Protein chains: 2
Amino acid sequence: MFDRRDFTRLAAAALAGIPFQRSSAHAGDAPTKDLPAPSHGGDMAGYDPNVHWMGDERIAMLMYPGMTVLDLIGPQSMFAAMMGARIHLVAKTLDPVTSDAGVTITPDATFETCPRDLTVLFAPGGTDGTIKAATDHATLAFMADRGSRATYVTSVCSGSLILGAAGLLKGFRATSHWSCRDALAGFGAIPTDARVVRDRNRITGAGVTAGLDFGLTMVAEMRDRTYAECCQLMSEYDPDPPFKAGSMKTAPPEVREPMVKMVAGFRQAAEALAAGSGLR
Amino acid sequence: MFDRRDFTRLAAAALAGIPFQRSSAHAGDAPTKDLPAPSHGGDMAGYDPNVHWMGDERIAMLMYPGMTVLDLIGPQSMFAAMMGARIHLVAKTLDPVTSDAGVTITPDATFETCPRDLTVLFAPGGTDGTIKAATDHATLAFMADRGSRATYVTSVCSGSLILGAAGLLKGFRATSHWSCRDALAGFGAIPTDARVVRDRNRITGAGVTAGLDFGLTMVAEMRDRTYAECCQLMSEYDPDPPFKAGSMKTAPPEVREPMVKMVAGFRQAAEALAAGSGLR
């Protein structure tokens, strides 16, 4: 339901004091191509003048084969509503990238073409593919470089393994998917069990769906609470899970036990990855 | 964090009574290509023998330019964990499809190649792009044909406008994004304000993020509650929104008012679409 162009035109209309008109632009336009120059000094036409409707954030979201696509799309959906923000879907090459569950997405930037100075650097998680990305020199060099200057260094799910492997979590509290959170200690991080963990400019989310809570937290951080609440209403984020099995604290044993067994190999791989990173 | 192959091997291992080994298959494999033949008669090795670990559902998820990608990916992430299920991302052609927020996804089936007999037919929402899809003859013909035989006819967000336009909601209770829910009456549906609405074999979700609750509901319907709870734990769906603005009932006025203005044009377009569908 999000259409970033709508947010853009809402703000433009609000700033100019003219009635808001919905976009009739071609739906396939890339989000970086239709940014109006923000108006200045106009009547806010009833909108809260304290809301930061327009910005110019530069957001880079890493993609790699085997990523979990919901880790990426949850936050992307919230970021995409930030008027004036540029989102770059960054991969090693511009070849389409296939997720762990078979969704193929086309990147729009490479490690070379991605802006050097970012507001947000973000890494999604996965399993096998994440371990592979977290041992890939070019990926780690990109993350370490952009992460050294980014205003916020962030992840959702096991994406924090990539931050850790790039040396970006030393001495920081951070979280991850429950299956590999403890492994973060091997990178010198302080594993922390919370939905969204912030330590200075490192902001990490828990597993997969935590990307929605993470995304709203980031929008509030970069804009303000009202803007984030607008995003929440537009994405109708009023969750009502049919069951209460979403965390290790609430899932019944017949759910926890097979799932813990299922991720045992990944947990070991994450621990081995982190243990091997001592010199970074 | 989901890796459907892991679920597959977990079940295979459980059924065969052998220790579970994680997949080392190429992460880019399409999800329909690596299904093992289910074992029979093996020891369940401690797993609940009443859980339906293996199935053979055929799920078709419509894609179109301007769709809201989270409407698609929320449910897809849950469906992708169903061992043995085949998910088809279906579009008019195999050309990559760009969402309202600039995410480009490659379809893997067309209206012609999509299986004729489906377990689930699904439509995601959007704004301009959804109105366009809901007035496109080929799209409506595809939806009406597959919907006439599908076990479940489903949508998230304004995707229900497409179901309605295809004549699939006459006399059924259904929901949609809050901005266009009432318009469903024009299709002969009974607009219903709930997170997930079921009326016989029509199952519709509310706006965008309701796709997670919808997806888990569908997994429980097609498999069983324990399987759905496993999906919930693996996606760590233990939501904790930082604000309480996710519905028209809870959002403060300074959030509701600009967002209602923002969607006014879309609401009108949805009502005009539904009003023009009287003869369907």
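All values derive from a computational prediction rather than experimental measurement.

## Here we look at helix α9 (residues 264-275) of chain B
All names here are of chain B.
Part 1: Between its first and last C-alpha atoms α9 spans 16 Å; for 12 residues at 1.5 Å apiece the expected length is 16 Å, and the two agree.
Part 2: Turning to α9, its buried residues are F266, A270, L273 and A274. On an axial view of α9, the arc spanned by its buried residues comes to 95 degrees, and they lie on one face. Residues of α9 that are exposed and angled more than 90 degrees away from the buried face: Q268, A272 and A275.

## Quick notes on the packing of aromatic side chains
Part 1: Counted by the stated rule, this structure contains 8 aromatic pairs over all chains.
Part 2: Relative to F214 of chain A, the ring of F122 of chain A has its centre 5.7 Å away and its plane inclined at 35 degrees; by these criteria the two rings are tilted. Remark: F214 of chain A occurs in helix α6 (residues 210-222) and F122 of chain A occurs in strand β6 (residues 120-123); sequence separation between them is 92 residues.
Part 3: With 5.4 Å between their ring centres and 50 degrees between their planes, W53 of chain B and Y227 of chain B make a pair best called tilted. Here Y227 of chain B lies in helix α7 (residues 225-234) and W53 of chain B lies in the loop between α1 (4-16) and β1 (58-62), a separation of 174 residues in the sequence. The burial state of W53 of chain B is the same as that of Y227 of chain B; both residues are buried.
Part 4: Members of the aromatic cluster, joined through ring pairs, are F79, F122 and F214 of chain A.
Part 5: A cation sits over an aromatic face here: R202 of chain A above F172 of chain A, 4.2 Å from the ring centre.
Part 6: Cation over ring: R223 of chain B sits above Y227 of chain B, and NZ or CZ is 5.2 Å from the ring centre.

## Thoughts on the confidence of the model for chain A
Residue and element names in this part refer to chain A.
Part 1: Overall, the predicted model of chain A reaches an average pLDDT of 86, with 81% of residues at or above 70.
Part 2: For the stretch residues 14-46, pLDDT sits under 50, and the model shows 60 contacts to residues farther than four places along the chain or on other chains.
Part 3: Interface confidence in the predicted complex, given as ipTM, is 0.86; pTM for the same model is 0.87.

## Quick look at the pairing of strand β10 (residues 196-199) of chain A
All names here are of chain A.
Part 1: Where burial is concerned, the two faces of β10 differ: the one with V197 and D199 is buried and the one with V196 and R198 is not.
Part 2: The pairing of β10 with strand β11 (residues 202-205) spans 4 bridges and is antiparallel. Each bridged residue has a counterpart across the sheet, and for D199 the counterpart in β11 is R202.
Part 3: Where β10 hands over to β11, the hairpin turn is made up of 2 residues, of which R200 adopts a positive phi near 50 degrees.

## Quick look at the sheet that holds strand β11 (residues 202-205) of chain B
All names here are of chain B.
Part 1: As summarised here, the arrangement of the 7 strands in space is β5-β2-β1-β6-β7-β11-β10, forming an open sheet in which the pairing is mixed. Here the strands that pair on one side only, and so sit at the sheet edges, are β5 (109-110) and β10 (196-199).
Part 2: Relative to the sheet, helix α6 (residues 210-222) contacts β1, β6 (120-123), β7 (152-156), β10 and β11, its axis offset from that of β7 by approximately 160 degrees.

## Some details on the pairing of β7 of chain B
Where a strand is regular, its side chains alternate between the two sheet faces.
All names here are of chain B.
Part 1: In terms of residue burial, β7 counts as a mostly covered element, since 5 of its 5 residues are buried.
Part 2: Note: β6 against β7, 4 bridges, orientation parallel. Looking across to β7, one finds that L121 is bridged to V153.
Part 3: Note: β7 against β11, 4 bridges, orientation parallel. Counterpart to T154 in the pairing with β11 is I203.

## Describing the interface of chain B and chain A
Part 1: Taken together, the contact pairs 92 residues of chain B with 92 residues of chain A.
Part 2: Between chain B and chain A the total buried area reaches about 7,900 Å² when both faces are included, carbon and sulfur atoms providing 65% of it.
Part 3: In this assembly, chain B and chain A are joined by 0 salt bridges.
Part 4: Counting across the interface, chain B meets chain A through 30 residue pairs in polar contact (both at pLDDT 80 or more).
Part 5: When contributions to the side of chain B that touches chain A are tallied by element, the ones reaching two or more residues are α1, α2 (69-79), β4 (104-105), α6, α7, α8 (253-262) and α9 of chain B.
Part 6: Residue contributions to the side of chain B that touches chain A peak at 8 residues, all from α7 of chain B.

## Considerations on the environment of E236 of chain B
Part 1: With respect to the helices and strands, E236 of chain B occurs in the loop between α7 and α8.
Part 2: Under the relative-accessibility criterion, E236 of chain B is labelled buried at 8%.
Part 3: On a C-alpha basis, the gap between E236 of chain B and L184 of chain B in space is 33 Å, while along the polypeptide they are 52 residues apart.
Part 4: Beyond its immediate chain neighbours, meaning those up to four positions away, E236 of chain B contacts S176, H177, W178, R195, A206, G207, T209 and G246 of chain A.
Part 5: Separated by 3.0 Å, the side chain of E236 of chain B and the backbone nitrogen of G207 of chain A make a polar contact.

Rules used in this analysis
- Residues numbered from 1 in each chain as written.
- Chains lettered and ligands numbered in written order.
- Predicted model: local features only at pLDDT ≥ 70, side-chain atom pairs only at ≥ 80, totals over all residues.
- Heavy atoms only, no water.
- Helix = DSSP H or I, 4+ residues; strand = E, 2+ residues; numbered from the N terminus.
- Expected span 1.5 Å × (residues − 1).
- Buried < 20%, exposed > 50% of the residue type's maximum accessible area, 1.4 Å probe, protein only.
- Arc of directions from axis to C-beta.
- Phe/Tyr/Trp six-rings, centres within 6.5 Å; stacked < 30°, edge-to-face > 60°.
- Lys NZ or Arg CZ within 6 Å of the ring centre and 35° of its normal.
- pLDDT = per-residue confidence, 0-100.
- Contact = heavy atoms within 4.5 Å.
- Pairing = 2+ DSSP bridges.
- Axes fitted to C-alpha atoms, helices over the stretch in contact; angles between N-to-C directions.
- Buried area = accessible area lost by both parts, 1.4 Å probe.
- Salt bridge = Lys/Arg side-chain N within 4 Å of Asp/Glu carboxyl O.
- Polar contact = N/O pair within 3.5 Å; in protein donor to acceptor, adjacent residues only side chain to side chain.

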